[in-house]
Amino acid sequence: MEEHRAADRLYRLGRDYLAIRNYEKAGRYLSDAVIRGSRRAARLLFSLGVQSFRQRTRDGYARAEDCFQVLADRGSAESCLYLGFMCRDGCGRRHDVRAAFDYFNEAYQLGDVRGAFQAGMLILRDARRYEEAQAAAMEWLSIAADGGIAEANRHIGLLLCDNVAEHHAKALQWFLRGIRDGDVRSRVYAADLYLSGLGVPKNERAALELLRQAAEAGDRKANAILGDFYATGTHVAWDRELARVYYERAERKEPEKKEL
């Protein structure tokens, strides 16, 4: 009971210091409250960590790391992900791929499938050069795809696009799965395979429909491709006005992705 009261008192102090923007003391009191078992303090401390991380300053990164580390030590998968990003990108600390992988793996072990996706993406950098890296990347990305991360399907498909017809047939299945799960860019790569006809039935109509769907969803690459098609009369009737429309759409800035 006394421990609970102490945690509650520390939480209130942390909350109040946060309200007056004294982030250093807020972090200190909230961290102490978290160590004593306060879930309310954990939520506030995580918010402080994210807010500090997004400042993109040296002091902000240092404060974010302190917040996330306290939470990660107590089983916060999401905090492990942020620490992984900080190691991967050198945010306020030394660039360290191995440490980033450890944090992503820990996030996955704690039940967050996004950790598997980030681990796979980390290995993906070497997957084109080393066979063992490709196998490892595909294993992690498959876990992520099975866990509902649509984008993972696309990256597996791209790994399989190596000018081998049999591999392209498998890649198409991954792109189609990505489309089913909601990944817009997978439509663009599936369309490319349908146009090339390597390992899959050539289907110009299906390709154009996929590109139009992706373009309507705001995909810049799809809009640029369709702009080229209409500007040159490739696969479609030449149409300078439609080409202009698609090119203008391709120039629009896509929404920035959140860290998580």
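Residues numbered from 1 in each chain as written. Predicted model: local features only at pLDDT ≥ 70, side-chain atom pairs only at ≥ 80, totals over all residues. Heavy atoms only, no water.

1. Quick word on the overall build of the protein
Thinking step 1. Across its full length, the protein holds 14 helices and zero strands.
Thinking step 2. Since a compact globule built from 260 residues should have a radius of gyration of about 18 Å, the 23 Å found for the protein marks it as more spread out than a globular shape.
Thinking step 3. A principal-axis box enclosing the C-alpha atoms of the protein has dimensions of 75 × 45 × 30 Å.
Thinking step 4. Buried residues in the protein amount to 43% of all 260 residues.
Thinking step 5. By sequence separation, contacts in the protein at least 24 residues apart represent 46% of the contacts at least 6 residues apart.
Thinking step 6. About 14,400 Å² of surface is accessible on the protein, with carbon and sulfur atoms providing 47% of the total.
Thinking step 7. The average position of the 42 basic charges and that of the 39 acidic charges among the side chains of the protein differ by 5 Å. (Helix = DSSP H or I, 4+ residues; strand = E, 2+ residues; numbered from the N terminus. Rg over C-alpha atoms; globule rule 2.2 N^0.38 Å. Buried < 20%, exposed > 50% of the residue type's maximum accessible area, 1.4 Å probe, protein only. Contact = heavy atoms within 4.5 Å. Areas by Shrake-Rupley, 256 points an atom, 1.4 Å probe, with all protein chains shown as cover. Lys, Arg positive; Asp, Glu negative; His and termini not counted. Charge placed at Lys NZ, Arg CZ, Asp CG, Glu CD.)

2. Thoughts on the environment of Cys-67
Thinking step 1. Mapped onto the secondary structure, Cys-67 falls in helix H4 (residues 58-72).
Thinking step 2. Cys-67 sits in the buried class, given a relative accessible area of 2%.
Thinking step 3. For the pair Cys-67 and Leu-44, spaced 23 residues apart in the sequence, the C-alpha separation amounts to 9.8 Å.
Thinking step 4. Beyond its immediate chain neighbours, meaning those up to four positions away, Cys-67 contacts Leu-45, Leu-48 and Gly-49.

3. Observations regarding the environment of Tyr-230
Thinking step 1. Mapped onto the elements, Tyr-230 comes out in helix H13 (residues 220-232).
Thinking step 2. When sequence neighbours within four positions are dropped, the list of residues in contact with Tyr-230 reads Arg-212, Val-236, Ala-237, Trp-238, Asp-239, Leu-242, Ala-243 and Tyr-246.

4. Quick notes on helix H11 (residues 185-196)
Thinking step 1. The end-to-end C-alpha distance of H11 is 17 Å, a good match for the 16 Å that 12 residues give at a rise of 1.5 Å each.
Thinking step 2. On its buried side, H11 packs onto helix H9 (150-160), helix H10 (165-181), helix H12 (204-216) and H13.
Thinking step 3. Phi for Gly-197, located one or two positions after H11, is positive at around 70 degrees. (Expected span 1.5 Å × (residues − 1).)

5. Some points on H13
Thinking step 1. For H13, which comprises 13 residues, the first-to-last C-alpha distance of 18 Å matches the rise-based estimate of 18 Å (1.5 Å per residue) to within 8%.
Thinking step 2. N-capping of H13 is provided by Asp-219, with a side-chain oxygen placed 3.1 Å from the backbone N of Lys-221.
Thinking step 3. Residue Gly-233 follows H13 closely and has a positive phi angle near 75 degrees. (Polar contact = N/O pair within 3.5 Å; in protein donor to acceptor, adjacent residues only side chain to side chain.)

6. Considering unusual backbone geometry
Leave glycine aside and you will find that most residues have negative phi; peptide bonds, for their part, are mostly trans.
Thinking step 1. Its identity is not glycine, yet Asn-163 carries a phi of approximately 70 degrees, on the positive side.
Thinking step 2. Mapping Asn-163 onto the fold places it in the loop between H9 and H10.
Thinking step 3. We classify Asn-163 as exposed; its relative accessible area is 66%.
Thinking step 4. Here His-235, not a glycine, exhibits a phi torsion of approximately 70 degrees, which is positive.
Thinking step 5. The topology assignment puts His-235 in the loop between H13 and helix H14 (240-251).

7. Notes on the packing of helix H7 (residues 114-127) against helix H8 (residues 131-146)
Packed helices, taken two at a time, are described by the angle their axes make and the gap between the axes.
Thinking step 1. For the pair H7 and H8, the least separation of the axes is 8 Å and the interaxial angle reads 155 degrees. Judged by the inter-axis angle, H7 sits roughly antiparallel to H8. The crossing of H7 and H8 is left-handed. Taking contact as the criterion, the partners of Ala-116, Phe-117, Ala-119, Gly-120, Met-121, Ile-123, Leu-124, Asp-126 and Ala-127 in H7 are, on H8, Ala-133, Gln-134, Ala-136, Ala-137, Trp-140, Leu-141, Ile-143 and Ala-144.
Thinking step 2. Residues of the contact of H7 with H8, tallied by class, amount to 14 nonpolar, two polar and one charged. (Axes fitted to C-alpha atoms, helices over the stretch in contact; angles between N-to-C directions. Parallel < 35°, antiparallel > 145°, perpendicular 65-115°, else oblique. Left-handed = near helix turned anticlockwise from the far one by under 90°. Nonpolar A, V, L, I, M, F, W, Y, C, P; charged D, E, K, R; others polar.)

8. Overview of the packing of aromatic side chains
Thinking step 1. Inspection of every chain in the model, using the stated rule, returns 12 aromatic pairs.
Thinking step 2. Summarising the aromatic geometry, the rings of Tyr-17 and Tyr-29 are spaced 5.6 Å apart at their centres and angled 10 degrees between planes, so their arrangement reads as stacked. Placement of Tyr-17 in helix H1 (residues 2-19) and of Tyr-29 in helix H2 (residues 23-35) is noted, with a sequence separation of 12 residues between them.
Thinking step 3. When its relative accessible area of 21% is taken as the criterion, Tyr-17 is described as partly exposed.
Thinking step 4. Taken together, a centroid distance of 5.9 Å and an interplanar angle of 70 degrees make the contact between Phe-46 and Tyr-82 edge-to-face. A residue pair is termed long-range when its members are at least 10 positions apart, and Phe-46 in helix H3 (residues 39-53) and Tyr-82 in helix H5 (residues 77-89) qualify at 36 residues.
Thinking step 5. Each member of the aromatic cluster is reached from another via a ring pair, and the members are Phe-46, Phe-53, Tyr-61, Phe-68, Tyr-82, Phe-85 and Phe-104. (Phe/Tyr/Trp six-rings, centres within 6.5 Å; stacked < 30°, edge-to-face > 60°.)

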